[in-house]
Amino acid sequence: MPATVIVGAQWGDEGKGKIVDLLAQHSDFVCRYQGGPNAGHTIVCDGETFKLHHVPSGILSDGKICVVGAGCVIDPGLLVEEIDELEQRGVTTAGLRVSGNAHLIMPWHVAIDSASERRLGKLQIGTTRRGIGPAYADKAARLGIRVQDILDPKILRQKFETALAEKNRFLDEPLEAGDLADRMETCAARLRPYVADTSLLVERALKAGQKVLLEGAQGTLLDLDHGTYPFVTSSNPIAGAAATGIGIGPTRIESVIGVAKAYVTRVGEGPFPTEIEGADQERVRELGAEYGTTTGRERRCGWLDLVGLRFAARVNGMTSLALTKLDVLSTFAEIPVCVRYRLPDGSETDEFPAHQSDFHHARPIYELLPGWEEPLDGALPPAAQRYVEFVEAALELEVCMIGTGADREQVVTPRGLAGIA
Ligand code: IMP
């Protein structure tokens, strides 16, 4: 049984959690392959809202195995808090498995993330300040501390000593390895039962014919290699990274579902061609409740950008698209959709510019589509249907799911759920 990847097709916050939550009900495994507590998935389940940062959203469906893969970075204190909150609200975490190869976010990573943003001033990236970049940097520099290091208190202490000999040079208040090891022990004891060889578990599940979902965090345009660098995250959200992040071969993946909002949002700094000017930006933000799950920051809102989406379809090898939050557009009489960019030399393109200067100065060319101006609580009105078909035609890709409201049930599946994943 091949695995399915769910990937963000814009700048994150596309509503992947809701799509994963829906598909998880028909899957056996749900696995996160990159990112850390910079992610925030909001899922509304039976009227209750859950905000998840590390734990895959499949945890809300009974009996699923939920994997946090080797490509993730984990803040141990925050993960314990998340587990405790789920348990207190009656959600069992017995199915959670954490890769021993995932890296840990340490207090110095969080401190360095904030200090570096302060130092950058006007040039700052607008990170979530959760220590993501510094943790991935240490992983690449081979100075990182991994989940498996918490299995042995002696090893953990030694790792702290080595790391702090370097990191204390950057900290206003130096840390002491012994103190830190003692403080970490409570957390470590809570997490030990969840540590597993997740690569092996997933491979065995696939061989046994079980259904496996691989869930990306953030989105394509925040990808470290293919996104709008340097205004990106420090990992690879794109679908190709699912195999490395989990530890399975790329031949195990057959379908890639991109998730995009029916408009676009972006948190943090960086170019954003279709950002809405004037009062409509605030209108979309209010209607879509566009405030960050992790930081509470206002999200910048823009009209749907088919140039960006075409790029996402390409770099992810998307096999279908889930279009979320279509209901947010229900009050607009006309809806602009960006079909091409005009570049600084006056030429027009429907392909995402490969060069940063072209992208930074790209102007959107819109086509105005008629709105439907009625709630989406039954079958889609004809204008909403046309909006979806317009996207399908532009991308040459099938829209397999349409989000029409926050609740778990508010999803239209034009061709049914069977065969999606
Ligand atoms: P970092 O991942 O905290 O280093 O932040 C780098 C960039 O990615 C910033 O622009 C963040 O706002 C953005 N970012 C990180 N995680 C998310 C997410 O889950 N949704 C949307 N944007 C994110």
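Throughout, a residue's number is its position along its own chain's written sequence, starting from 1. Given that this is a predicted model, residues contribute local features only at a pLDDT of at least 70 and side-chain atom pairs are listed and counted only at 80 or more, while totals for whole chains, interfaces and linings are drawn from all residues. Values shown for side chains rest on all heavy atoms present in the structure; no hydrogens or waters enter the calculation.

Draft legend 1. Here's a closer look at the overall build of the protein chain. Along the backbone of the protein chain there are 12 helices and 20 strands. By the compact-globule yardstick of 22 Å for 421 residues, the protein chain fits well, its C-alpha radius of gyration being 21 Å. Oriented by its inertia axes, the alpha-carbon framework of the protein chain measures out at about 65 × 50 × 40 Å. The contact definition used throughout considers only heavy atoms, calling two residues in contact when any of these lie within 4.5 Å. Long-range pairs, those at least 24 residues apart, make up 74% of the contacts in the protein chain between residues at least 6 apart in sequence. The accessible surface values rely on the Shrake-Rupley method and a 1.4 Å probe; as for residues, cover is taken only from the protein chains in view. By element, 50% of the accessible surface of the protein chain is carried by carbon and sulfur atoms, the whole surface being about 17,500 Å². Comment: elements are numbered from the N terminus, with helices defined as DSSP H or I runs of at least four residues and strands as E runs of at least two. Radius of gyration here is computed from C-alpha atoms only, and the compact-globule reference equals 2.2 Å multiplied by the residue count raised to the power 0.38.

Draft legend 2. Local environment of the environment of Arg299. With respect to the helices and strands, Arg299 occurs in the loop between α9 (279–287) and β13 (300–302). As a C-alpha pair, Arg299 and Glu282 span 17 residues in sequence and 9.8 Å in three-dimensional space. Ignoring anything within four residues of it in the chain, the contact list for Arg299 reads Asp13, Lys261, Thr265, Arg266, Val267, Gln281, Arg285, Ala289, Glu290, Tyr291, Gly292 and Thr293. In protein, a polar contact means a hydrogen-donor-capable atom and an acceptor-capable atom, both N or O and within 3.5 Å, with residues adjacent in sequence counting only if both atoms are side-chain atoms; elsewhere, any N or O pair within 3.5 Å suffices. Looking at Arg299, its side chain comes within polar contact range of the side chain of Glu290, at 2.7 Å. Only 3.3 Å separates the side chain of Arg299 from the backbone oxygen of Tyr291, close enough to count as a polar contact.

Draft legend 3. Structural view of the site of the ligand. Near is defined per residue: the residue qualifies when any heavy atom it owns lies within 4 Å of the molecule or strand. Residues in close proximity to the ligand total 16 residues, the closest being Asp13, Asn38, Thr128, Thr233 and Arg297. One of the side-chain N or O atoms of Asp13 is found 3.0 Å from a nitrogen atom in the ligand. Residue Thr128 places a side-chain N or O atom 2.6 Å away from an oxygen atom belonging to the ligand. Residue classes follow a fixed rule: Ala, Val, Leu, Ile, Met, Phe, Trp, Tyr, Cys and Pro count as nonpolar, while Asp, Glu, Lys and Arg count as charged, and any other residue, Gly among them, counts as polar. A class-by-class count of the residues in the shell around the ligand yields 7 nonpolar, 7 polar and 2 charged.

Draft legend 4. Structural detail: the pattern of salt bridges. A pairing counts as a salt bridge when a side-chain nitrogen of Lys or Arg comes within 4 Å of a carboxyl oxygen of Asp or Glu. All told, the structure shown has 22 salt bridges when counted by the stated rule. When the shortest N-O distance is used, the salt bridge between Glu161 and Arg157 registers 3.9 Å. Of this pair, Glu161 and Arg157 are both found in helix α5 (residues 153–167), 4 residues apart, which corresponds to roughly one turn of the helix. Glu348 is the salt-bridge partner of Arg340, the closest N and O atoms lying 2.9 Å from each other. By relative accessible area, Glu348 is classed as partly exposed at 39%. For the exposure calls, accessible area comes from a 1.4 Å probe over protein chains only, and a residue counts as buried if that area is under 20% of its type's maximum, exposed if over 50%, partly exposed in between.

Draft legend 5. Seen up close, helix α7 (residues 198–207). All buried positions along α7 are accounted for by Thr198, Val202, Glu203, Ala205 and Leu206. For α7, the buried positions fall inside an angular range of 160 degrees around the axis, keeping them on one side. Opposite the packed face of α7, turned more than 90 degrees from it, sit the exposed residues Arg204 and Lys207. With its phi angle positive at about 85 degrees, Gly209 sits one or two positions after the end of α7. The reported arc concerns the directions from the helix axis to the C-beta atoms and nothing else.

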